[in-house]
Amino acid sequence: MSLRGWCPGALRPMMSGDGLVLRIRPHAGRLSVAQARAVADLAQAHGNGRIDLGARAHLQLRGVAEAALPALWAALADLGLLDQDAGAEARRNILTTPIHGADETLALVAALEEGLRTGPDLPAKFGFAVDTGAAAVLGGASADLRIERAADGLILRAEGMARGEAVSAAQAVPRALEIARWFAARRGAETRIARLGLAPPLRAEQPPLTGAVLVPGATPFGLCIGLPFGQIGAQDLHRLALAPLRLTPWRSVLLEGVAAADLPPGLIRNAADPLLRVSACTGAPGCASATVETRALARRLAAGLPAGATLHVSGCAKGCAHPRPADITLTGRDGAFDLILNAGPAAAPLRRGLGPADIPDAIRGSLAPRL
Ligand code: SF4
């Protein structure tokens, strides 16, 4: 039923410290009002009442008991949020730009989903990006094949290529599937196209047009709202679902067409909020690898963060929430924290064995020579 180390899905939940993790991949990264409210209700009824938003704009229910799975699967199927089988679910690894208007984006995603229903046999990590708004904005997210906007139309680009092959809207998905089949036939044990050691048979013609990612606040497409640590409570999601929600890979959601709203407290409303510069993983007790609580500490430290500085509070050296360097990293170890500056969570610490109460002074003292 559930296996450690699998890429979790709705049909392939993964065991964690607080029960099963069940991942939902909304079509085109979008939830209708009814879907959003129903997912909130399911998290409340069958999970721990918290919903995670992941870096590929998927949702995760946590704390799910194995006995609840049949009811959850039935409800997700009714909502149109369950694939026909675990293989189809894994292949439907498509990141969709949340910044799209009256363009081809939704039709391209629907065609790609349809094309992936029955193959090819791709590894779970193999992913697509449909980044066809006015400019490509998903360059910071991982994807093996990207359909993107270029100056003269659309391009198909493989990871590692600076330029992509010009394609029409009608050609884009068939050509992407052709390259995916080309990869599947040659990959052996390799999971990513950029590491195959063979150049994909794509012409390098045009670079993508690139644009800025969404930040919290009003946008031409609706209201962008940041979720601290990429998580929201079920009741808050219920309240937020005033309009269809577009999920972003930037720990935020876009309320389609909404200019202003009475938001639940604790969410991020503007780009100046220091919580946007703070990452924290699940930590204890939700993750079995953690010996420290992470998110309440991260919230307390956010207000005192020096201007522009980034902070990462990690339950252990694995660094799930932010595997890259941060200006300040606190890594849990044996019930206390290591303090690390300008490096990742597994780097050599400047200070060891800090309790939560020691940390503000330790950060100030360590940063003082650098400020
Ligand atoms: S970084 Fe460690 S403690 Fe945090 S979620 Fe990942 S495995 Fe768990």
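1. A look at helix 4 (residues 105–116)
Stage number 1. Over its 12 residues, helix 4 runs 17 Å from end to end, which matches the ideal 16 Å to within 8%, given 1.5 Å per residue.
Stage number 2. For helix 4, the set of buried residues is Thr-105, Leu-108, Val-109, Leu-112, Glu-113 and Leu-116. Buried positions in helix 4, seen along its axis, are confined to an arc of 135° and lie on one side of it. Relative to its buried face, helix 4 has exposed residues pointing more than 90 degrees away, namely Ala-107 and Glu-114.
Stage number 3. Summarising the contacts, the buried residues of helix 4 are in contact with helix 3 (86–91), strand 6 (94–96), strand 7 (128–131), strand 8 (145–150), strand 9 (153–158) and helix 5 (169–186).

2. Topic: the pairing of strand 5 (residues 59–64)
Along any regular strand the residues' side chains alternate between the sheet's two faces.
Stage number 1. Along strand 5, five of the six residues are buried, which leaves the element largely enclosed by surrounding structure.
Stage number 2. Pairing analysis gives four bridges linking strand 2 (residues 19–24) to strand 5, with the strands arranged antiparallel. Within strand 5, the position partnered with Leu-20 by the bridge is Val-64.
Stage number 3. Across three bridges, the pairing between strand 4 (residues 50–53) and strand 5 is antiparallel. Opposite Ile-51, over in strand 5, you have Leu-61 as the bridge partner.
Stage number 4. Counting the residues in the hairpin turn of strand 4 and strand 5 gives five residues, including Ala-57, whose phi is positive at 60°.

3. A closer look at the site of the ligand
Stage number 1. Neighbouring the ligand are Cys-281, Cys-287, Ser-289, Ala-290, Ser-314, Gly-315, Cys-316, Lys-318, Gly-319 and Cys-320.
Stage number 2. For the shell around the ligand, the per-class residue count stands at five nonpolar, four polar and one charged.

4. Things to note about the domain arrangement of the chain
Stage number 1. Structurally, the chain comprises domain 1 (14–87 + 214–256), domain 2 (99–195) and domain 3 (274–370).
Stage number 2. The C-alpha-based centres of domain 1 and domain 2 are spaced at 24 Å.
Stage number 3. At the interface, nine residues of domain 1 touch 13 residues of domain 2.
Stage number 4. Where domain 1 abuts domain 2, roughly 990 Å² becomes buried across the two surfaces, and 53% of that area is made up of carbon and sulfur atoms.
Stage number 5. Our count for the contact surface shared by domain 1 and domain 2 stands at zero salt bridges.
Stage number 6. Seen at the junction of domain 1 and domain 2, the total is five residue pairs in polar contact (both at pLDDT 80 or more).
Stage number 7. Considering only residue class, the side of domain 1 that touches domain 2 consists of five nonpolar, two polar and two charged.

5. What about the sheet that holds strand 16 (residues 278–280)?
Stage number 1. Overall, mixed pairing links the five strands, which are arranged 16-17-18-19-20 in an open sheet. Unpaired on one side and paired on the other, strand 16 and strand 20 (351–354) mark the two borders of the sheet. This sheet shows a mean twist of 20° between the axes of neighbouring strands, independent of strand direction.
Stage number 2. For strand 17 (residues 311–314) and strand 18 (residues 326–333), the ladder comprises four bridges, and the chain directions are parallel. Its bridge partner being in strand 18, Ser-314 is matched across the sheet by Thr-331.
Stage number 3. Where helix 8 (residues 359–367) meets the sheet, its contacts fall on strand 18, strand 19 (336–343) and strand 20, and the angle it forms with strand 19 comes to roughly 30°.

6. Brief notes about the pattern of salt bridges
Stage number 1. Evaluated as defined, the whole model comprises 19 salt bridges.
Stage number 2. As a salt-bridge pair, Arg-62 and Asp-18 come within 3.6 Å of each other at their nearest N and O atoms. Placement of Arg-62 in strand 5 and of Asp-18 in the loop between strand 1 (14–16) and strand 2 is noted, with a sequence separation of 44 residues between them.
Stage number 3. Residue classification places Arg-62 among the buried positions, given a relative accessible area of 8%.

7. Looking at the packing of helix 4 against helix 5
Stage number 1. Interaxial distance between helix 4 and helix 5 falls to 10 Å at its minimum, and their mutual angle equals 30°. By the angle class used here, helix 4 and helix 5 are roughly parallel. The hand of the helix 4/helix 5 crossing is right-handed. Facing Leu-108, Ala-111, Leu-112, Gly-115 and Leu-116 of helix 4, the residues of helix 5 in contact are Ala-169, Ala-172, Val-173 and Leu-177.
Stage number 2. For the contact of helix 4 with helix 5, the per-class residue count stands at eight nonpolar, one polar and no charged.

8. Details of the environment of Pro-120
Stage number 1. Assignment of secondary structure puts Pro-120 in the loop between helix 4 and strand 7.
Stage number 2. We classify Pro-120 as buried; its relative accessible area is 13%.
Stage number 3. Through-space distance from the C-alpha of Pro-120 to that of Leu-177 is 7.9 Å; in sequence the pair is 57 residues apart.
Stage number 4. The contact partners of Pro-120, leaving out residues within four places of it in the chain, are Arg-91, Ala-180, Arg-181 and Ala-184.

9. Focus on the sheet that holds strand 7
Stage number 1. Overall, mixed pairing links the five strands, which are arranged 6-7-8-9-10 in an open sheet. Each edge of the open sheet is held by one strand with a lone partner, namely strand 6 and strand 10 (165–167). Going from strand to strand, the sheet's axes swing by 25° on average, the running direction of each strand aside.

Cut-offs used in this document
- Note that residues are indexed from 1 along each chain, following the sequence as it is written.
- Side-chain atom pairs in this predicted model are given and counted only at pLDDT of 80 or more, local residue features only at pLDDT of at least 70, and totals for whole chains, interfaces and linings cover all residues.
- Just so you know, side-chain values use all the structure's heavy atoms and leave hydrogens and water out.
- Put simply, DSSP marks the helices as runs of H or I at least four residues long and the strands as runs of E at least two long, and each gets a number from the N terminus on.
- What a helix is expected to span follows from its residue count: subtract one and scale by 1.5 Å.
- In this scheme, a residue with accessible area under 20% of its type's maximum is buried, one over 50% is exposed, and one in between is partly exposed, where area comes from a 1.4 Å probe on protein chains only.
- Each C-beta atom gives one direction from the helix axis, and the arc is the one those directions make.
- It only takes one pair of heavy atoms within 4.5 Å for two residues to be counted as in contact.
- Being paired, for any two strands, means DSSP has found at least two bridges between them.
- One heavy atom within 4 Å of a molecule or strand makes the whole residue count as near it.
- Just so you know the grouping, Ala, Val, Leu, Ile, Met, Phe, Trp, Tyr, Cys and Pro go in nonpolar, Asp, Glu, Lys and Arg go in charged, and all remaining residues, Gly too, go in polar.
- An automatic or database domain assignment supplies the residue ranges for each domain.
- When two components associate, each loses some accessible surface as probed by a 1.4 Å sphere; the sum of these losses over both components is called the buried area.
- By convention in these notes, a salt bridge is any Lys or Arg side-chain nitrogen within 4 Å of a carboxyl oxygen on Asp or Glu.
- Under this definition, polar contacts are N or O atom pairs within 3.5 Å; protein pairs additionally need one hydrogen-donor-capable and one acceptor-capable atom, and for neighbouring residues in sequence, both atoms have to be side-chain atoms.
- Only the stretch in contact is used when fitting a helix axis, every axis being a line fitted to C-alpha atoms; angles between N-to-C directions are given from 0 to 180 degrees.
- Working rule for angles: under 35 degrees goes down as roughly parallel, over 145 as roughly antiparallel, 65 to 115 as roughly perpendicular, anything else as oblique.
- For a crossing to be left-handed, the near helix must be turned anticlockwise from the far one by less than a right angle; the clockwise case is right-handed.

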